[in-house]
Amino acid sequence: MTNPFRNTRIEYHILQSFPVTCLNRDDVGAPKTAIVGGSTRARVSSQCWKRQVRLSMQDFGIKLGIRSKKVSEFVAKACLQKGASEEQAAECGKVISDSFSKDTLFFFSESEAQAFADYAREKNFDSTTLKDKELQKVAKKVLNPAVDGLDIALFGRMVAQAADLNIEAAASFSHAISTHKVSNEVEFFTALDDLAEEPGSAHMGSLEFNSATYYRYISLDLGQLWESIGGEHLAEAVESLTKALFVAVPSARQTTQSGASPWEFAKIFIRKGQRLQVPFETAVKAKDGGYLQPSITALTDYLTKKEALAGSLFGKEKEFTFGEDVNFSIDDLIKGLKLTVAEVQ
């Protein structure tokens, strides 16, 4: 069947403002930064926000895949449940694990693990009879991302030892950057000892923080997602990802520097053609009491100009604006996205 979503993607252009926070730390515990357009910007890495999005999908009924180095232990437990002795289970688990990953994280589904255990049982849990190519065939046959590994389809996996099991990521995340110049600040703090008899600090320390309006860009390749999970589950996948993008917030220092701010504004396109990310090369300046309004202006002006310059190559099929009309909620956005996906199919 011809892929109806070939070269079609949903693009999320999101503005999100946070007060005093340290959403994503570097190796010395300071908020991450980047130089963009010659000025220092606050930054949250794509991996950081991507993980929180992935974990948030569980809240919406999505059964995630498993990303771990402990494949052998997981498969061994499955073998034990299917009648293997502890020694057999451990040996089979190690052989199966080594077929896919020596010392790297392996992204797999529970269905695959159970199928590996079934294959081992067929071989009477004799680890010497387990063959790499047969194990790879088992994995390729049983993997169904729509059932218990949507995150594998969205974020992709690479299996160096079994290239046939590679899955191209359907979702692309940029690093979130502040739309304006940012300087990290330092909080000096003290802690008191409840049992101390003399007044004074029992502990002193410092933490770095900043506050920023971030631009987030996420591209969802509907054609690739259709290839990975098929058309039947596509609309539900779009719904789950959109909800997770809306609620997910990086978890660093949430108990001491809570950052719980939702989307302020977003432009969402369904379009064909090459991806389009706003660089915010020129840092916006505060206006009307903050950075949000000038950021919205810079974002919308840039997208409008690029659409005009691209002409027919812009390929816009649908456009949604979130954050201006209080009568257009995230539920309305999801409904519009799902309806458009259904129309294309």
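Scroll up to find the structure.
Residues numbered from 1 in each chain as written. Predicted model: local features only at pLDDT ≥ 70, side-chain atom pairs only at ≥ 80, totals over all residues. Heavy atoms only, no water.

Participant: Where do I start with the nonpolar core in this structure?
Facilitator: Nonpolar side chains in soluble globular proteins tend to end up buried together. Counting 50 residues, the largest nonpolar core has Tyr12, Leu220 and Leu225 as the members making the most contacts within it. Here the element with the most residues in this core is helix α9 (residues 234-247); it accounts for six residues. Once residues within four sequence positions are removed from consideration, Leu220 is found in contact with Thr8, Arg9, Ile10, Leu154, Ala170, Ala171, Leu225, Val238 and Leu241. Membership of the second largest hydrophobic core comes to 26 residues, among which are Val71, Ala78, Cys92 and Leu135. (Core = buried A, V, L, I, M, F, W, Y, C linked by side-chain atoms within 4.5 Å. Buried < 20%, exposed > 50% of the residue type's maximum accessible area, 1.4 Å probe, protein only. Helix = DSSP H or I, 4+ residues; strand = E, 2+ residues; numbered from the N terminus. Contact = heavy atoms within 4.5 Å.)

Participant: Honestly, empty space enclosed by the protein in this entry has me stumped. Any pointers?
Facilitator: Gaps left between atoms show up when a probe the size of a water molecule is rolled over them. Across all of its chains, the model carries one cavity of 30 Å³ or more by this definition. The computed volume of the largest cavity comes to approximately 40 Å³. Taken together, Val44, Ser45, Ser46, Trp49, Phe173, Ser174, Ala176, Arg216, Tyr217 and Ile218 make up the lining of the largest cavity. Contributions of two or more residues to the lining of the largest cavity are made by α1 (46-56) and β9 (203-221). The biggest single contributor to the lining of the largest cavity is β9, with three residues. Across the lining of the largest cavity, the residue classes break down as six nonpolar, three polar and one charged. (1 Å grid on protein atoms, 1.4 Å probe; cavity = no way out; pocket = protein on both sides within 12 Å on 5 of 7 lines; lining within 4 Å. Points joined across faces, edges and corners; volume = space filled by probe spheres on them. Nonpolar A, V, L, I, M, F, W, Y, C, P; charged D, E, K, R; others polar.)

Participant: I keep staring at the layout of surface pockets and nothing clicks. Help me out?
Facilitator: For the largest pocket, the calculated volume is near 560 Å³. Arg67, Phe107, Phe155, Gly156 and Arg157 are, among the 22 residues lining the largest pocket, the residues nearest its centre. Secondary-structure elements contributing two or more residues to the lining of the largest pocket are α1 and β5 (106-108). Ranked by residue count, the leading element in the lining of the largest pocket is α1, at four residues. Along the lines of polarity and charge, the residues of the lining of the largest pocket split into ten nonpolar, five polar and seven charged.

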